[in-house]
Amino acid sequence: MHTSTERALRSPRIPHGQQVATVALTALAPASWGTTYVVTTELLPPGHPLFAGMLRALPGGLLALAITRVLPRGDWWWKATILGALNIGALYPLLFVTAERLPGGVAATLGATQPLMVAGLAVVLLHERPTAWRSTWAVLGVVGVGLVVLGPQARLDTVGVVAGLGGTATMATGIVLTKRWGLPAGVGPLTLTGWQLTAGGLLLLPLTLAIEGAPPRIDTAAAGGYLWLGSVGGLVASTLWFRGVGKLPVGMSAPLVLLSPLVAAAIGIALGESLSLSQTSGFVLALAALLAAQLNGPNLSRRVARARQAEPPMQDDRSREDRMRDDHIREGRIR
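Residues numbered from 1 in each chain as written. Predicted model: local features only at pLDDT ≥ 70, side-chain atom pairs only at ≥ 80, totals over all residues. Heavy atoms only, no water.

A few words now on the overall build of the protein chain. When its secondary structure is counted, the protein chain shows 16 helices and zero strands. For the protein chain, buried positions account for 43% of its 335 residues. Look at the contacts in the protein chain between residues 6 or more apart in sequence, and 90% of them connect residues 24 or more apart. Approximately 17,600 Å² of the protein chain is accessible, and the part contributed by carbon and sulfur atoms is 65%. (Helix = DSSP H or I, 4+ residues; strand = E, 2+ residues; numbered from the N terminus. Buried < 20%, exposed > 50% of the residue type's maximum accessible area, 1.4 Å probe, protein only. Contact = heavy atoms within 4.5 Å. Areas by Shrake-Rupley, 256 points an atom, 1.4 Å probe, with all protein chains shown as cover.)

And the structure:
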């Protein structure tokens, strides 16, 4: 017998076709995040990670609040603040610090460890046991990403590595807590996103002014970069992401972050880079890991078998004489 709390932590079962659509929409979020590295390094002024994180969060959050016109109630004031601090306030500046201090390949490999962190946290907070299938593919996904983006020139910066792991850990915690708390009655993903973006942006605002001081000079290229990161990479992507996290099991949503380094690698190819044989193999391996995590391996075949067993037997409308004749034919009595 399961308690109401245990039932609340489970994802609602949705039809297969709807689940595929949900996965596809959710995947657009990490795919858009794959552009963060090239936008940060090519368009934004360096040395202002807090300002970049604040500008990516606060305007989109205020816009979402203006659209939905719904504020948190009761304990959702502190829940939204915690989620905003984890998913936005801590994550965004750590991402920009990582992008500035580490090569994209090292940063992407650190981020690819997130499914493993999510799996560990899910055991503690959601009481979900990680399957051997998804755990194995999570490790293979990290290996695949490493083959794609790590090269002989990869350098390790202590601050960058700590920031990369810290950002990955905060997002993993945010994913699991978002799944645990769900959505309050009458609240949709856009509202939840607005709460988090606003809370995270407001947390970053005083830190930005105190640590970085005056905003940097923003030229046309930087304005375009901030607009992209705040709209597509911020409000739109976050709404799709939190919608998917609420509907999908964490074992399916977390591996989708592997799309970020793969998209970053694809952008590099579009800009003239080429992949070696090992990099191509890693790309295929990471993509296979992403897809395999959606299937859940042996559990899928067991579900199919149970569904077939549950199907009602087919009705045989033939007469008793016809059925007996067919039985005799199969036994060789009639030719």
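Here we take up the packing of aromatic side chains. Tallied over the entire structure, the rule returns four aromatic pairs. Between W76 and W195 the ring centres are 5.9 Å apart and the planes differ by 50°, which places this aromatic pair in the tilted class. Placement of the pair is W76 in helix 5 (residues 76–101) and W195 in helix 10 (residues 189–212), with a sequence separation of 119 residues. Taking relative accessible area as the criterion, W195 reaches 4% and is therefore assigned buried. (Phe/Tyr/Trp six-rings, centres within 6.5 Å; stacked < 30°, edge-to-face > 60°.)

With that out of the way, let us pick up helix 11 (residues 220–247). Helix length check: helix 11, at 28 residues, gives a terminal C-alpha distance of 39 Å against a target of 40 Å (1.5 Å per residue), a fit within 8%. Largest kink in helix 11: about 35°, centred on A237. One side-chain oxygen of the residue at the start of helix 11 lies 3.3 Å from the amide nitrogen of A221, identifying that residue as D219. (Expected span 1.5 Å × (residues − 1). Bend = angle between axes of the 7 residues up to and from the residue. Polar contact = N/O pair within 3.5 Å; in protein donor to acceptor, adjacent residues only side chain to side chain.)

For the rest of this paragraph, the subject is the environment of V145. You can see V145 is positioned in helix 8 (residues 132–149). Judged by relative accessible area, which is 1%, V145 ranks as buried.

With that settled, consider unusual backbone geometry. Despite not being glycine, R69 has its phi angle at roughly 55°, a positive value. Locating R69 in the fold gives a position in the loop between helix 4 (49–68) and helix 5.

To continue, consider the nonpolar core. Core analysis: the largest hydrophobic core is formed by 46 residues, its most contacted members being V118, I175, W195 and W241. Of all the elements, helix 5 adds the most residues to this core, at seven residues. If we skip the residues at most four places from it in the chain, W241 touches T26, A29, P30, W33, M171, I175, S253, L256 and V257. Core analysis: the second largest hydrophobic core is formed by twelve residues, A52, A222, Y226 and L229 among them. (Core = buried A, V, L, I, M, F, W, Y, C linked by side-chain atoms within 4.5 Å.)

It is worth spelling out the pattern of salt bridges at this point. A complete count under the given rule lists one salt bridge for this structure. Linking K79 and D75 is a salt bridge whose minimum nitrogen-to-oxygen distance equals 3.5 Å. Looking at K79, the relative accessible area reads 12%, which means it is buried. What makes D75 partly exposed here is its relative accessible area of 37%. (Salt bridge = Lys/Arg side-chain N within 4 Å of Asp/Glu carboxyl O.)

Its location among the elements puts R56 in helix 4. Take R56: its relative accessible area is 2%, and that puts it in the buried class. In contact with R56, not counting residues within four places along its chain, are W33, T36, Y92, L95, F96, L229, G230, G233 and G234.

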